[in-house]
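Descriptive structure summary
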Amino acid sequence: MKLHEMRERETKLFKDLQSVLDGAEGRSLTIEESEQVEKMNAEADEIQSDLRSESAREAARLRLESPATGVVGRADSDTVYPTEERGKVWLRAMLKGDDVAMRNVSVGDDPSMVPEELYGRFIEIMNRLSAARQVSLVSQFGSSDIKYSAQAAQISITASGGNLDEGDTFTSLTPTSEAISPTVIKFGIQTNITTEIINDSLFNVEQIVLDQQAEAIAFAYEQTMMQGLNDQDGLLTDQSSDGGTNIDCASASAITPNELIEGLAGLASGGYFGRPGAFVVSGNVIGSLLSAQDSSTGRLILQPQAQSTAAAGVPFTVFGRPVHVTSGAVTLASSTVQACYIADSCFGISDVQGLRMVRDPYTDAHKGEVRVLTDMRSAGNFLQKRGHVSFTTA
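Throughout this description, residue numbers start from 1 for each chain and increase along the sequence as written. Local features in a predicted model are, by the rule used here, given only for residues with pLDDT of at least 70; side-chain atom pairs are given and counted only at 80 or more, and totals for whole chains, interfaces and linings are based on all residues. To obtain the side-chain values, all non-hydrogen atoms of the structure were used and water was disregarded.

With that out of the way, let us pick up the sheet that holds strand E1 (residues 137–141). Sheet strands line up and pair through hydrogen bonds in the backbone, either parallel or antiparallel. Strand order across the open sheet formed by 4 strands is E1-E10-E11-E4, with mixed pairing between neighbours. Looking at which strands have only one partner, the edges of the open sheet turn out to be E1 and strand E4 (185–194). Across the sheet, the axes of successive neighbouring strands diverge by a mean angle of 30°, strand direction being ignored. Where E4 meets strand E11 (residues 369–382), 10 bridges bridge the pair, whose relative direction is antiparallel. When the sheet's bridge partners are listed, threonine 191 is paired in E11 with valine 372. In what follows, a contact means two residues having at least one pair of non-hydrogen atoms within 4.5 Å. A fitted line through C-alpha atoms represents every axis, and for helices the fit uses only the stretch in contact; the resulting angles, taken between N-to-C directions, go from 0 to 180 degrees. A run of DSSP states H or I qualifies as a helix once it reaches four residues; a run of E qualifies as a strand once it reaches two. Both are numbered from the N-terminal end. Where helix H5 (residues 116–129) meets the sheet, it contacts E1, strand E10 (347–360) and E11, and its direction lies at approximately 120° from that of E10. Contacts between helix H8 (residues 205–227) and the sheet are confined to E4, E10 and E11, with E4 contributing the most and set at about 150° to the helix. Only strands that DSSP links by at least two bridges are regarded as paired with each other.

Here we come to the pattern of salt bridges. Pairing between side chains of opposite charge can happen when the charged atoms of each approach one another. Salt bridge criterion: a side-chain nitrogen from Lys or Arg within 4 Å of a carboxyl oxygen from Asp or Glu. Under the defined criterion, the tally for this structure stands at 8 salt bridges. A salt bridge links aspartate 351 to arginine 133, with the shortest nitrogen-to-oxygen separation between them at 2.6 Å. Here aspartate 351, found in strand E10, pairs with arginine 133, found in helix H6 (residues 131–134); they are 218 residues apart in sequence, far enough to count as distant. Exposure categories follow from relative accessible area, calculated using a 1.4 Å probe and restricted to protein chains: below 20% of the type maximum is buried, above 50% is exposed, and the middle band is partly exposed. Residue class for aspartate 351 comes out buried when judged on its relative accessible area of 3%. The partner of aspartate 375 in a salt bridge is arginine 356, with the nearest N and O atoms 3.4 Å apart. Of the two residues, aspartate 375 sits in strand E11 while arginine 356 sits in strand E10, which places them 19 residues apart along the sequence. Classification of arginine 356 as partly exposed rests on a relative accessible area of 32%.

What follows covers the sheet that holds strand E5 (residues 245–248). Across the sheet, which stays open at both edges, the 6 strands sit in the order E5-E12-E9-E6-E8-E7 with mixed pairing between neighbours. If you trace the sheet from one side to the other, it starts and ends with E5 and strand E7 (317–318), each paired once. Here 5 bridges tie strand E9 (residues 337–343) to strand E12 (residues 388–392), and the two strands are oriented antiparallel to one another. Looking at E12, one finds that isoleucine 342 is bridged to histidine 388.

What follows concerns helix H3 (residues 86–96). Here H3 has its buried residues at Arg86, Gly87, Trp90, Leu91, Ala93, Met94 and Leu95. At the exit of H3 stands glycine 97, carrying a positive phi of roughly 75°.

Moving on to the pairing of strand E8 (residues 321–326). Pairing of strand E6 (residues 277–282) with E8 involves 4 bridges; the strand directions are parallel. Note on E8: the bridge partner recorded for valine 280 is histidine 324. If you look at the hairpin formed by E7 and E8, you'll find 2 residues sitting between the two strands, and phenylalanine 319 has a positive phi there, around 55°.

What follows concerns the pairing of E6. Most of E6 is tucked away, with 6 of its 6 residues classed as buried. Residue alternation in E6 divides its side chains into two sets, Gly277, Phe279 and Val281 and Ala278, Val280 and Ser282, and both sets are buried. Sheet topology note: the E6/E9 ladder contains 5 bridges and is antiparallel. Residue pairing in the sheet places valine 281 in a bridge with alanine 339 of E9.

Leaving glycine aside, a negative phi is the common case for residues, and trans is the common case for peptide bonds. For serine 345, which is not glycine, the phi torsion reads 65° and is therefore positive. Position of serine 345 relative to the elements: it lies in the loop between E9 and E10. Positive phi values are uncommon outside glycine, yet glutamine 353 reaches one of about 60°. Summarising the element assignment, glutamine 353 is placed in strand E10.

Of note, aspartate 211 is situated in helix H8. Judged by its relative accessible area of 24%, aspartate 211 falls in the partly exposed class. For the pair formed by aspartate 211 and methionine 126, sequence separation is 85 residues and the distance between their alpha carbons is 9.1 Å.

Bringing the side chain of threonine 191 into the picture now. Here threonine 191 shows up in strand E4. Under the rule applied, a polar contact is a pair of N or O atoms within 3.5 Å (in protein, one hydrogen donor and one hydrogen acceptor; residues adjacent in sequence only if both atoms are side-chain atoms). A polar contact is formed between the side chain of threonine 191 and the side chain of glutamine 212, at a distance of 2.8 Å. Within the structure, threonine 191 has its side chain in polar contact with the side chain of glutamine 213 (distance 2.9 Å).

Looking at the element boundaries, methionine 357 is found in strand E10. With 245 residues separating them along the chain, methionine 357 and serine 112 place their C-alpha atoms 5.2 Å apart. For methionine 357, the residues in contact, after removing those within four places along its chain, are Trp90, Leu91, Met94, Ser112, Val114, Phe122, Leu210, Gln213, Leu373 and Thr374.

Take it as geometry only, folks, not as evidence of what the structure does.
So this is what it looks like as structure tokens:
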């Protein structure tokens, strides 16, 4: 008996029991009525026991099928796969169009939502190629109904907030904040694969598809989050009019280590110098930064050894802060932002509902090809613009 049928039976049973008791109001129950009541009580106990068991099973099933931290995936009770194999099993089944095998390792009614293990591998590739994701606070959500609390104004302490005489009232300092609702956008890519490759070369085609699609989405993602396209906040944008800092560089085509240090030191007055953070430098100007030399000795400024050779490797750090290189900057020109510094947790990235892959065997069937369409949803927003420094060419 199903859960709703058991509840209907329980309701009817209690109505019948009430009817018998109402009919005997003011007198003792007859032998027949007593037997009837005893029988209904026993049946009610049995139904309520079944209801508790079925409700527990239903709660467990819903827990298994609910998204965890915005990522999809579940442990399947019918077909057991090692954890490290589940993503590969799903991707291979998807390429072959095997919906049954896909559902064994996917969640709910939508088998196109990839398992957690495959999602993790995809994001790992993206993170490696995207400086924006490496320097941001990345969060995962189950829906696009997101709100962040962002700092709207910095507390300033006046003379009245200084020393207090005994009995004086404390000065009221109220920090202000504002709600930010990210604009979530979709990033998508398609890959065409011949049916021969799918049927004959499945030994490694999954990794080829995963690498190709993750790299393509990462490239588009990086441009969007760096330049601020499609209603996103751009890391390589000037935020000085809204609490950030901007450094005007001396050259129209280069950035120097001293200019990066100047920008970092400028955060001291706002309290962000002591917070960890990272630099992001455009691929257009990273060469000038790495090749900067001491004018008197010819030694590379970013080379820790005494010799002026780069053979030992140049560390991507300035005053202990990592330096990431991005492919997402605008074309090098005068008056363009080609680098930035961002303190930890000052820029937030919101990933929504994991990753979705769909197999399209029809569009290019006449060419003997299958399309794999992949999309993910995300958004990027400043949470504390006072922890941001932009570097603009002359």
